[in-house]
Amino acid sequence: DSGVTQTPKHLITATGQRVTLRCSPRSGDLSVYWYQQSLDQGLQFLIQYYNGEERAKGNILERFSAQQFPDLHSELNLSSLELGDSALYFCASSVGDTLDEQFFGPGTRLTVL
Amino acid sequence: AQSVAQPEDQVNVAEGNPLTVKCTYSVSGNPYLFWYVQYPNRGLQFLLKYITGDNLVKGSYGFEAEFNKSQTSFHLKKPSALVSDSALYFCAVRDQAGTALIFGKGTTLSVSS
């Protein structure tokens with residue numbers, strides 16, 4: 001158990017819909033990262049927050065957004081969903097920046113029908 | 001731009017034999033290099049990292065990696081493979097100016113008994 005929790009574990013929804021994925025980092029970790037894992041794209045970095053502020057942005061679509069709240073939990077919002085958004089979404093946390101070990105949550109499997 | 005390549009989709013070894021999982025990188029300046037492992041239906045787990053110093057880095061579960069600047073490589077090694085080492089292995093890189101980790105596509109390691 002990494003100490004990072006993600007909810008829900010599975011999510012099935014339809015095209016055009018909007019969903020919210022939630023992540024609670026390990027106690028004491030200030031950074032939260034979101035990744036998307038799919039068979040064709042591999043593991044793609046989406047976005048990083050550090051202590052409530054956006055720190056780095058990767059291959060995140062404009063339809064996707066994220067935020068980190070004062071209690072350091074984070075949410076990833078995916079809107080206008082398309083079939084191609086079906087993937088495993090991981091949250092990870094670390095004490096500080098990307099040179100620190102990242103602890104990954106179990107992931108949320110999103111299926112868009 | 002920074003990038004990382006894992007030239008082998010799959011590596012097969014017999015239990016007890018040494019294993020190598022290859023990784024090459026491209027960054028501006030000095031690289032920061034990482035190895036993570038993903039077991040089925042789990043998030044990624046940190047194995048080891050190279051930031052600076054000794055080119056041979058020792059990590060978790062008996063794994064080690066050798067940083068070779070001239071060949072821009074960071075191959076993962078283990079002297080004696082276990083069946084339980086069977087998993088998906090990811091190499092990742094970050095450059096000094098960057099903030100995000102870039103992950104390779106992953107290499108599936110299969111250890112047969």
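One can find the structure itself at the top, above this paragraph.
A brief look at the structure comes next. (Residues numbered from 1 in each chain as written. Chains lettered and ligands numbered in written order. Predicted model: local features only at pLDDT ≥ 70, side-chain atom pairs only at ≥ 80, totals over all residues. Heavy atoms only, no water.)

## Concerning unusual backbone geometry
This is how the line gets drawn: Where helices and strands are cited, they refer to DSSP runs of H or I of at least four residues and of E of at least two residues respectively, numbered from the N terminus.
In this model, Thr-7 of chain A is joined to Pro-8 of chain A through a cis peptide bond whose omega is -10°. With respect to the element layout, Pro-8 of chain A can be found in the loop between strand E1 (5-7) and strand E2 (10-13). For Leu-72 of chain A, which is not a glycine, the phi torsion comes out positive at approximately 80°. Residue position: Leu-72 of chain A is located in the loop between strand E7 (64-68) and strand E8 (74-78). Its identity as a non-glycine residue notwithstanding, Tyr-61 of chain B has a phi of 60°, on the positive side. Following the sequence through the fold, Tyr-61 of chain B ends up in the loop between strand E7 (56-58) and strand E8 (64-68).

## Details of the interface of chain A and chain B
Short version of the rule: Contacts were defined at the residue level, with two residues in contact if any of their heavy atoms lie within 4.5 Å. Accessible area, probed at 1.4 Å, shrinks when two parts are joined; the buried area is that loss added up over both. We define a salt bridge as a contact between a side-chain nitrogen of Lys or Arg and a carboxyl oxygen of Asp or Glu at a distance within 4 Å. Think of a polar contact as two N or O atoms within 3.5 Å of one another; within protein, one of them needs to be a possible hydrogen donor and the other a possible acceptor, and neighboring residues in sequence only count if both atoms come from side chains. Here the term charged refers only to Asp, Glu, Lys and Arg, the term nonpolar to Ala, Val, Leu, Ile, Met, Phe, Trp, Tyr, Cys and Pro, and the term polar to all other amino acids, Gly among them.
Taken together, the contact between chain A and chain B spans 19 residues of the former and 18 residues of the latter. It is Leu-43, Thr-98 and Leu-99 of chain A in chain A that bury the most area against chain B; as a group they hold 37% of the surface buried on that side. Between the two partners, chain A and chain B, sit one salt bridge. Among the salt bridges present, the one from Asp-97 of chain A reaches Arg-94 of chain B, with a minimum N-O distance of 3.9 Å. Counting across the chain A and chain B interface gives three residue pairs in polar contact (both at pLDDT 80 or more). At the level of secondary structure, the elements contributing two or more residues to the side of chain A that touches chain B comprise strand E4 (31-38), strand E5 (42-50) and strand E6 (53-57) of chain A. Residue contributions to the side of chain A that touches chain B peak at three residues, all from E5 of chain A. Taken together, the residues that form the side of chain A that touches chain B break down as eight nonpolar, six polar and five charged.

## Section: the state of the cysteines
All names here are of chain A. Put simply, the test is: When two cysteine sulfur atoms lie within 2.5 Å, the pair is treated as a disulfide.
All chains considered together, the criterion is met by two disulfides over all chains. In this model Cys-23 forms its disulfide with Cys-91; the gap between the sulfur atoms is 1.8 Å. For the disulfide bridge between Cys-23 and Cys-91, the dihedral angle about the S-S bond is near -50°, and by the sign convention the bridge is left-handed. In this pair, Cys-23 sits in strand E3 (residues 19-24) while Cys-91 sits in strand E9 (residues 87-94), placing the two residues 68 residues apart along the sequence.

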